[in-house]
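Letter by letter, the chains look like this.
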Amino acid sequence: MSTTLTPTTPPAPTGPGGLREIDAHTRGRKRRSLIARYVLTAGMVIALIPLLMIIWTVASNGVGALGWSFFTEIEPPARREGGGYLNGIVGTVYMVSIASLLAIPLGIMAAIYLVEFGHGWLARIIRFFTDVMTGVPSVFVGLFVYAALVRQFRFGTIMGAIGLAIMMLPIVVRSSEEMLKLVPDDMRFASFGLGARRWQTVQKVVLPMAGPGITTGAMLAVARAAGETAVLLLTALGSLQVVTALSGVAQSSITLLIYDGAKQPFDPGKERAWAGALVLMGFVLLLTITARYISSRARR
Amino acid sequence: MSETSSQTRRAPEAATPRIEVADRDRSTDVTTTVRQSTVPSAITEAVFEAKDVSVFYGGTPAVRNIDLKVPKGEITALIGPSGCGKSTMLRTFNRMNDLIPGCTLEGSITYHGEDIYADDIDPAEVRRRIGMVFQKPNPFGISIYDNVAFGPRLHGMKANLDDRVEQALRGAALWDEVKDKLGQPGVALSGGQQQRLCIARAIALEPDVILMDEPASALDPIATLAIEDLMRQLRGQYSIVVVTHNMQQAARVSDRTAFFSVDMEQGVRVGELVEYDLTEKVFTAASDPRTEAYITGRFG
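Residues numbered from 1 in each chain as written. Chains lettered and ligands numbered in written order. Predicted model: local features only at pLDDT ≥ 70, side-chain atom pairs only at ≥ 80, totals over all residues. Heavy atoms only, no water.

**Section: a nonpolar patch on the surface**
Residues and elements named next belong to chain A.
Thinking step 1. Nonpolar side chains collect at one region of the surface, where Met 44, Val 45, Ile 46, Leu 48, Ile 49, Leu 51, Leu 52, Met 53 and Ile 55 lie side by side and expose about 840 Å² of accessible area between them.
Thinking step 2. Structurally, Ile 55 is set in helix H1 (residues 24-62).
Thinking step 3. For Ile 55, a relative accessible area of 39% corresponds to the partly exposed category. (Patch = residues over 30% accessible without salt bridge, like charges linked within 9 Å, V, L, I, M, F, W, Y side chains within 5 Å. Areas by Shrake-Rupley, 256 points an atom, 1.4 Å probe, with all protein chains shown as cover. Salt bridge = Lys/Arg side-chain N within 4 Å of Asp/Glu carboxyl O. Helix = DSSP H or I, 4+ residues; strand = E, 2+ residues; numbered from the N terminus. Buried < 20%, exposed > 50% of the residue type's maximum accessible area, 1.4 Å probe, protein only.)

**Digging into the environment of Gln193(B)**
Residue and element names in this part refer to chain B.
Thinking step 1. Examined against the element boundaries, Gln 193 turns out to sit in helix H7 (residues 191-203).
Thinking step 2. Taking C-alpha positions, Gln 193 is 31 Å from Tyr 294, a pair spaced 101 residues apart along the chain.
Thinking step 3. When neighbours within four sequence positions are excluded, Gln 193 is seen to be in contact with Leu 174 and Glu 177. (Contact = heavy atoms within 4.5 Å.)

**Notes on the pattern of salt bridges**
All names here are of chain A.
Thinking step 1. Taken as a whole, this structure holds 30 salt bridges over all chains when the rule is applied.
Thinking step 2. In this structure, Lys 263 engages Asp 260 in a salt bridge whose closest nitrogen and oxygen atoms are separated by 3.9 Å. Pair noted here: Lys 263 and Asp 260 are both in helix H10 (residues 254-263), with a separation of three residues, about one helical turn.
Thinking step 3. Connected via shared salt-bridge partners are Arg 127, Asp 131, Arg 174, Glu 177, Glu 178 and Lys 181.

**Some words on the state of the cysteines**
Thinking step 1. Scanning the model with the defined rule gives zero disulfides over all chains in all.
Thinking step 2. The thiol of Cys84(B) is unpaired, and the distance to the nearest cysteine sulfur, on Cys103(B), comes to 15 Å. (Disulfide = S-S within 2.5 Å.)

**Quick word on the nonpolar core**
Thinking step 1. Tyr85(A), Met168(A) and Leu180(A) are the most contacted members of the largest nonpolar core, which has 55 residues in total.
Thinking step 2. Per element, the largest residue contribution to this core is twelve residues, and it comes from helix H8 (residues 198-226) of chain A.
Thinking step 3. Look past the residues within four positions of Met168(A) in its chain and what remains in contact with it is Ala99(A), Ser100(A), Ala103(A), Ile104(A), Ala221(A), Val222(A) and Ala225(A).
Thinking step 4. Listed in part, the 45 residues of the second largest apolar core include Ile75(B), Ala77(B), Ala172(B) and Ala251(B). (Core = buried A, V, L, I, M, F, W, Y, C linked by side-chain atoms within 4.5 Å.)

**Quick notes on the pairing of strand E4 (residues 60-71) of chain B**
Residue and element names in this part refer to chain B.
Thinking step 1. Note: strand E3 (residues 46-57) against E4, eight bridges, orientation antiparallel. What sits directly across from Ala 50, in E4, is Leu 68.
Thinking step 2. Hairpin remark: E3 followed by E4, antiparallel, with two residues in the connecting loop; positive phi at Gly 58, about 55°. (Pairing = 2+ DSSP bridges.)

**Comments concerning the interface of chain A and chain B**
Thinking step 1. Each partner contributes to the interface: chain A provides 17 residues, whereas chain B provides 26 residues.
Thinking step 2. Roughly 1,900 Å² is buried in total at the junction of chain A and chain B, and carbon and sulfur atoms are behind 65% of that figure.
Thinking step 3. The interface formed by chain A and chain B contains three salt bridges.
Thinking step 4. For Lys136(B), the salt bridge identified is with Asp186(A), shortest N-O distance 3.3 Å.
Thinking step 5. Summed over the shared surface of chain A and chain B, the number is five residue pairs in polar contact (both at pLDDT 80 or more).
Thinking step 6. Elements with a minimum of two residues in the side of chain A that touches chain B: helix H7 (185-193) and H8 of chain A.
Thinking step 7. Per element, the largest residue contribution to the side of chain A that touches chain B is seven residues, and it comes from H7(A). (Buried area = accessible area lost by both parts, 1.4 Å probe. Polar contact = N/O pair within 3.5 Å; in protein donor to acceptor, adjacent residues only side chain to side chain.)

Take a look at the structure:
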């Protein structure tokens, strides 16, 4: 090279030895590092305490009323022992399934639009309202569905499902969007470079890569919907019977039964509410673990 | 491409004059061999003809007023300092710039006489005929076989797919290394093998032209030589346009070299084509002082 570099005098090197001779500044750094470590560990432990207490309280209170009959029988009058939450379990599974069928495909499609197709004002508007929707309290969603639909079509399964779907939609959109963005543009360019069209690229390259992450996000949305209460109070209302009708008849859910049971002055009803909470917690835990498993498998 | 033809083409190199070319990567002066031209200086048949092409990113010019004729069956190198727009120019040939939001083009580029930016031209069809190899090897996270079969499958070329995949892998000098593990993921190969896989993936579509954007810059010297050997073998059957930072590489493999430089235009750095001629001429008797300065390592 014809360019010549003129080196400035480098700082004098530290002499050999003296590894144990630490000055005050170094000791300070060491101490601060240690303090930070203890503070963060303590924070983690404190944050864990309520979580463990919830698990312990729900498990110890709920396990008593939990038995085979809990899943096969409907709720008897609050004063009576035995019976179960079959009506609520059916309602939750029914409504969450329909809500998932509505919200997951729609949410994924919206996310694909946002990441792959939309670069204009429409995409900006959708993204803005998705953000707003994420923060809308569930009771508002319930009130909206009540005012817009329930007054006309009566309480029922489909009303509850629509309410849950509205709650799930922003979660699915945002999580799918993040996952699609994680797919490197290199992969898209490779596909386009081979003459693929936009949709072919999405279908054959982007979605297979983002699939596990999208699934994880969808499962967390399902878990969220399964634990939803306020929306259902205003859309499904609750029922003492197993309801198979899609609409016209008020539907039950585990959360609604917990809500009612916990208000009872009678112990058998309260115990069943604890057991319901335990079932719900187990269900959410299962979904979360599955979601984790899927994403960890995909990362390999 | 038969072995003998590539050997006869390589043979005259021994007799070529050796000149001083700065090796930027190692910051030392080394001698390198310039390919003796085996092609006439006049271009008889052009694959591409760029006329007064300017490319803008969001209104800011990146390259300005480029006139460039790319000959059929030869290797054309685009060289120049960082930011001179050589990669931008390369991407105009298969409309990859269309994928960058805010990127616009003025002027015209014809491919065998057809304007590739005409309204009724489908960019996907352009890219199918004009393959591209990127700087960073970007195989899909699928098997070696599926990587190569990706393009043919996109375009419904499903007859004799196995033969096509084998031919492409042989063409990319990768067959012997991967023939027993076609089902393994492409990303498990070494960097150099991945890049040859990307070349195989491109030639599986039997393109007319292969554009290479610094195909060896992410590879070690041995893998680089393998890619250069491969380029020489592909020469003739395919027209190749290669962007490279490595001047020795341009000198070793290309028939013609286009030297781009950066010009300040109202405070904006704009790329321009300084000199375009037979590689031998550009490296031994450059007509523009800037070319000579760059090639001998005095700037850039």
